[in-house]
Every structure is written in C-alpha cells, then in structure tokens.
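One-letter residues, chain by chain:
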Amino acid sequence: MNDDEIKSLKTYSCKYCKKNFSRSVNCRYHELHCRPRKPDDVGYRHDVQFGRGHERNGDFEEIKQGLDHLFVTYRKKLTHDSDTDQLQSAFKDALTVLQKEVAVRSGMKYYFALKLTFRKAIDANVITEPPVVLQTDPMRGLPGNNYENDLDKVFKGILQQIDDFESNGSGWVAHEFQTLDLKIVTYTPWTS
Ligand SMILES: [Zn+2]
C-alpha cells in the first residue's frame, strides 16, 4: 500500500450527523449546511453550482494543511505532456475546491504553482533538471466572486510565463506539465 492509498482511506466525520467523508474540505463544507441554525441565521453561505468532478474535487487532493486549516495545499497530477488545452482544463478543475474553500473560510488568498520541464528545441534530450516551478500572482477570493473568470485570468497569466520562459533566448520549449498545486490561506480583509 503506497502513501496515496493510505491517505485515501482516511475519513473525516461530520461533527453533527457523523456522516463520513474521504476529503476534509467536503466534510467541512457539509458541516456548514448540517450545522443547526437559528431561523434568522442566513449567514454568508451561498449555494453554488459546483464544477464537474464535484465529490472528487476535480482531482485536486489535499497534500498539506496547517494551523487548523488556516492554510492548505492541493495538488493535481497532470498528464506529463505539453498540451495547453489539457492544462487549461486542469485549471478549470480547481473551481470546485475554490468554491468550497471560500465557503468554509469566508475569505482567502490563493495562488497556483505549476511544476513543469522544458527541453531544448534543438536537442530533445536536454531537459531542465530540476523541473521549473512557475507561480501565479496571488488572488483574493471572497464569497460571490466569479471563480470561472478568475481561473481563466490565472491560466492566461501562466501561459504568459511559459511564453516568457520560451522566449528568453535559451531555446527552451515546454516539455511536460507535471503537477499543479493550489495554495490557499485564510484571509479576511476586515481583520487585517
Ligand atoms: Zn452532517
């Protein structure tokens, strides 16, 4: 049994109804709606239409969290090719996680880190080692934001960074997109 399999057996239970979840954010999101509420408590919760891969969170798996979920890192494994359509679709898959995370936090900052390799255009055997990590600018996430638009912006930013790397004069071209990390930290503008 490898680490991934052990991790996937971990369960989280709702503190109200004891329902089990294999993913932490799914449990916390469920608790928001399961929590007993006073009739006049409308709260900040928004019922949103989640993206595809709802239960599996678009295959973004939590790999790290700290300070009682103050920060969390998700990772999606990519297809190890240089297909930018696939890459765009991977960014779109982050929609569900962002929508759930903002619901349980009420405010956050987030950015992506893309791990990829480049190869020399003139010699396919020369590959960047270690792989290159490109980070997107931090984005602010609040309930009610249009995360589809924001993800589109973020994706265009990363394409630009790839272009910049390829046109820096060293003759590199994108080779394999490996992993996409999504890093989220709680951030509420009115408390800082
Ligand atoms: Zn429950």
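Above this text sits the structure in question.
**Q** How would you explain the environment of His-30 if you had to name every residue and give the values?
**A** Locating His-30 in the fold gives a position in helix H2 (residues 24-34). Residues His-30 and Tyr-16, 14 residues apart in the sequence, show an inter-C-alpha distance of 9.9 Å. Not counting chain neighbours up to four residues away, the residues in contact with His-30 comprise Cys-14, Lys-19 and Phe-21.

**Q** Help me get a handle on the packing of H2 against helix H4 (residues 95-105), residues and values and all.
**A** Two numbers describe how H2 lies on H4: the axes approach to 9 Å, and their chain directions differ by 50°. Relative to H4, the element H2 is oriented oblique. As H2 packs across H4, the resulting crossing turns out to be left-handed. Taken together, the residues of H4 that come into contact with H2 (itself represented by Val-25, Arg-28, Tyr-29 and Leu-32) are Val-97, Lys-100, Glu-101, Ala-103 and Val-104. Counted by class, the contact of H2 with H4 contains 6 nonpolar, no polar and 3 charged residues.

**Q** Please set out the pairing of strand E9 (residues 172-186) residue by residue, giving values where relevant.
**A** For strand E4 (residues 71-77) and E9, the ladder comprises 7 bridges, and the chain directions are antiparallel. Of the residues in E9, the one forming a bridge with Val-72 is Ile-184. Note that strand E5 (residues 108-120) and E9 share 13 bridges and pair antiparallel. Note that in E9 the partner of Tyr-110 across the bridge is Ile-184.

**Q** Requested: an account of the environment of Glu-148, with residues and values cited.
**A** Within the fold, Glu-148 resides in helix H5 (residues 147-166). The spacing of Glu-148 and Lys-92 is 56 residues in sequence and 7.1 Å in space, taken between C-alpha atoms.

**Q** An account of helix H3 (residues 84-92) is needed here, citing residue identities and associated values.
**A** Within the span of H3, buried status applies to Leu-87, Ala-90 and Phe-91. Within H3, the buried residues cover an arc of 100° as seen down the axis, which keeps them to one side. If you follow the buried residues of H3, they end up packed against E4, H5 and E9.

**Q** Now, about the nonpolar core: what can you tell me, with residues and values included?
**A** Grouped together as the largest cluster of nonpolar side chains are 32 residues, with contacts concentrated most on Phe-91, Ala-94, Val-97, Leu-98, Leu-151 and Leu-182. Only H2, E4, H3, H4, E5, H5 and E9 provide two or more residues apiece to this core. In contact with Leu-182, not counting residues within four places along its chain, are Phe-60, Tyr-74, Ala-94, Val-97, Tyr-110 and Phe-112.

**Q** An account of H5 is requested, with residue identities and associated values reported.
**A** Between the first and last C-alpha of H5 there are 28 Å, a value that for 20 residues agrees with the 28 Å anticipated at 1.5 Å per step. Residues of H5 that are buried include every one of Tyr-147, Leu-151, Val-154, Phe-155, Ile-158 and Ile-162, and no others. Taken around the axis of H5, the buried residues stretch over an arc of 100°, which confines them to a single face. In H5, the exposed positions that point more than 90 degrees away from the buried face belong to Asn-149, Lys-153, Gln-160, Asp-163 and Asp-164. In this fold, the buried residues of H5 make contact with H3, H4, E5, strand E7 (132-135), strand E8 (139-141) and E9.

**Q** Summarise the packing of H4 against H5; cite the residues concerned and give the values.
**A** Running from amino to carboxyl end, H4 crosses H5 at an angle of 125°, the nearest separation of the two axes being 10 Å. By the angle class used here, H4 and H5 are oblique. The handedness of the crossing between H4 and H5 comes out as right-handed. Residues Leu-95, Leu-98 and Gln-99 of H4 pack against Tyr-147, Glu-148 and Leu-151 of H5. Each residue belonging to the contact of H4 with H5 can be placed in one class, and the counts come to 4 nonpolar, 1 polar and 1 charged.

What counts, and at which threshold
Residues numbered from 1 in each chain as written. Predicted model: local features only at pLDDT ≥ 70, side-chain atom pairs only at ≥ 80, totals over all residues. Helix = DSSP H or I, 4+ residues; strand = E, 2+ residues; numbered from the N terminus. Contact = placed C-beta atoms within 7 Å. Axes fitted to C-alpha atoms, helices over the stretch in contact; angles between N-to-C directions. Parallel < 35°, antiparallel > 145°, perpendicular 65-115°, else oblique. Left-handed = near helix turned anticlockwise from the far one by under 90°. Nonpolar A, V, L, I, M, F, W, Y, C, P; charged D, E, K, R; others polar. Pairing = 2+ DSSP bridges. Buried ≥ 20, exposed ≤ 12 C-beta atoms within 10 Å, placed from the backbone. Arc of directions from axis to C-beta. Core = buried A, V, L, I, M, F, W, Y, C linked by C-beta atoms within 7 Å. Expected span 1.5 Å × (residues − 1).

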